[in-house]
Amino acid sequence: DAIAEEIARLERSACEVADLTLAVSESDRQVLQGYTTNPVVLAANGIAAWKASDSAIQHWKTQLPAASFALFVGSAHPPNISGFFDVFGEALGFIPPDTRLVVAGSVGPHLLTHPRFQCWLPLNQSRIQVLGMVEDAALSAIKTLAHVFVLPITEGGGSNIKTAEALYSGAHVVGTPVSFRGFDGFLTLPGVHQHAQPADFRQDVARLLHAPSPAKEPASEAHRQTLLWSHTLACLEGVVSGQY
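Predicted model only: the values in this text are computed from it and were never measured.

Peer 1: Describe the nonpolar core, with residues and values.
Peer 2: Judged by nonpolar contacts, the single largest core of 33 residues is most densely connected at Trp60, Leu64, Leu71, Leu131, Phe149, Leu167 and Leu227. Once residues lying within four places of it in the same chain are set aside, the contact partners of Leu64 are Phe69, Val102, Gln129, Leu131, Ile142 and Leu145. If you look at the next biggest cluster of nonpolar residues, it comprises 23 residues, including Val87, Leu101, Leu111 and Ile128.

Peer 1: Requested: an account of the sheet that holds strand 5 (residues 128–132), with residues and values cited.
Peer 2: Strand order in the open sheet formed by six strands is 5-4-3-6-7-8, with parallel pairing between adjacent strands. Taken across any chain shown, the strands that pair with only one partner, and hence form the sheet edges, are strand 5 and strand 8 (192–194). On average, each strand axis in the sheet is inclined to that of its neighbour by 20°, with strand direction left out of account. As paired elements, strand 4 (residues 100–104) and strand 5 share four bridges and run parallel to each other. Among the inter-strand pairings, Leu101 is bridged to a residue of strand 5, identified as Ile128.

Peer 1: Kindly report on the packing of helix 3 (residues 54–63) against helix 8 (residues 136–145), identifying the contributing residues and their values.
Peer 2: When two helices pack together, their arrangement is given by the angle between the helix axes and the distance between those axes. In contact at an axis separation of 9 Å, helix 3 and helix 8 are set at 70° when each is read in the N-to-C sense. The angle between helix 3 and helix 8 falls in the class roughly perpendicular. Regarding helix 3 and helix 8, the two cross each other, and that crossing is right-handed. Judged by residue contacts, Ala56, Ile57, Trp60 and Lys61 of helix 3 engage Ala137, Ala138, Ala141, Ile142, Thr144 and Leu145 from helix 8. Residues that form the contact of helix 3 with helix 8 fall into these classes: eight nonpolar, one polar and one charged.

Peer 1: Outline the pairing of strand 6 (residues 148–151), supporting the account with residue identities and numerical values.
Peer 2: If a strand is regular, its side chains alternate between the two faces of the sheet. Burial along strand 6 is two-sided: the face carrying Val148 and Val150 and the face carrying Phe149 and Leu151 are both buried. Sheet topology places strand 3 (residues 69–73) next to strand 6; two bridges connect them, and they run parallel. Paired with Ala70 across the bridge in strand 6 is Val148. The pairing of strand 6 with strand 7 (residues 172–175) spans four bridges and is parallel.

Peer 1: Please provide a residue-by-residue account of helix 4 (residues 78–88), values included.
Peer 2: With respect to burial, helix 4 is a largely interior element, eight of its eleven residues being buried. Taken as a whole, helix 4 has its buried residues at Pro79, Asn80, Ile81, Gly83, Phe84, Phe85, Val87 and Phe88. Trailing helix 4 by a residue or two, Gly89 shows a phi angle of about 70°, which is positive.

Peer 1: Now, about empty space enclosed by the protein: what can you tell me, with residues and values included?
Peer 2: In total, this model carries one cavity of 30 Å³ or more according to the counting rule given. By volume, the largest cavity is sized at about 50 Å³. What lines the largest cavity is Leu71, Val73, Lys143, Phe149, Val150, Leu151, Lys162, Glu165 and Ala166. Of all the secondary structure elements, the ones that give two or more residues to the lining of the largest cavity are strand 3, strand 6 and helix 9 (161–169).

The rules behind the values
Residues numbered from 1 in each chain as written. Predicted model: local features only at pLDDT ≥ 70, side-chain atom pairs only at ≥ 80, totals over all residues. Heavy atoms only, no water. Core = buried A, V, L, I, M, F, W, Y, C linked by side-chain atoms within 4.5 Å. Buried < 20%, exposed > 50% of the residue type's maximum accessible area, 1.4 Å probe, protein only. Contact = heavy atoms within 4.5 Å. Pairing = 2+ DSSP bridges. Helix = DSSP H or I, 4+ residues; strand = E, 2+ residues; numbered from the N terminus. Axes fitted to C-alpha atoms, helices over the stretch in contact; angles between N-to-C directions. Parallel < 35°, antiparallel > 145°, perpendicular 65-115°, else oblique. Left-handed = near helix turned anticlockwise from the far one by under 90°. Nonpolar A, V, L, I, M, F, W, Y, C, P; charged D, E, K, R; others polar. 1 Å grid on protein atoms, 1.4 Å probe; cavity = no way out; pocket = protein on both sides within 12 Å on 5 of 7 lines; lining within 4 Å. Points joined across faces, edges and corners; volume = space filled by probe spheres on them.

Limitation: the analysis is restricted to geometry and does not speak to function.
Here it is, written out as structure tokens:
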């Protein structure tokens, strides 16, 4: 409690002395605006566009499952680990045996050694492929090849850049309400699925691994372009030039 109170004091103090405060979600903006009479501007999290090279795609096709696979990208940040088991539980048997859950990033090795993963070790090992840390060029290819992005995020504040990447991909996206914080305007895109209950989340992942890819519609593709930094930070041009 003492640490939380100190963080809250620092946040309030920072907003009070700042000429401008930026928030990554509307809910955050409303809270921060209560700390200051100066402007608080919504500047959502975004991403840089990626395009995988043909050579990288061909290479990773030989390294990844031949069938459709689900992709989880995350760091070793503790909520990524706890969220994984909160949503997926101890056994990955819900994943069809001809598909896989591919994990990229430093979160992977921590999942493999977690006591909950060890409970059903042979089964879990048959359903998962852990890549560990990969270079950006490789990750671009892996994201391009993924059929389903999973966002098992159950705690934390702000908004998640991995959600923006998943939404931008045009593939199926299965996330929790927490994972879509700040991205409510994208929930109606084709292939985007939100589930508060872990059982529903798992059931949809299993279903989508054998489903066709989402339809590509011009309006939806245009909407995805608004996830890029060039759009999400466009509001700052007027602010920093004194036109706010």
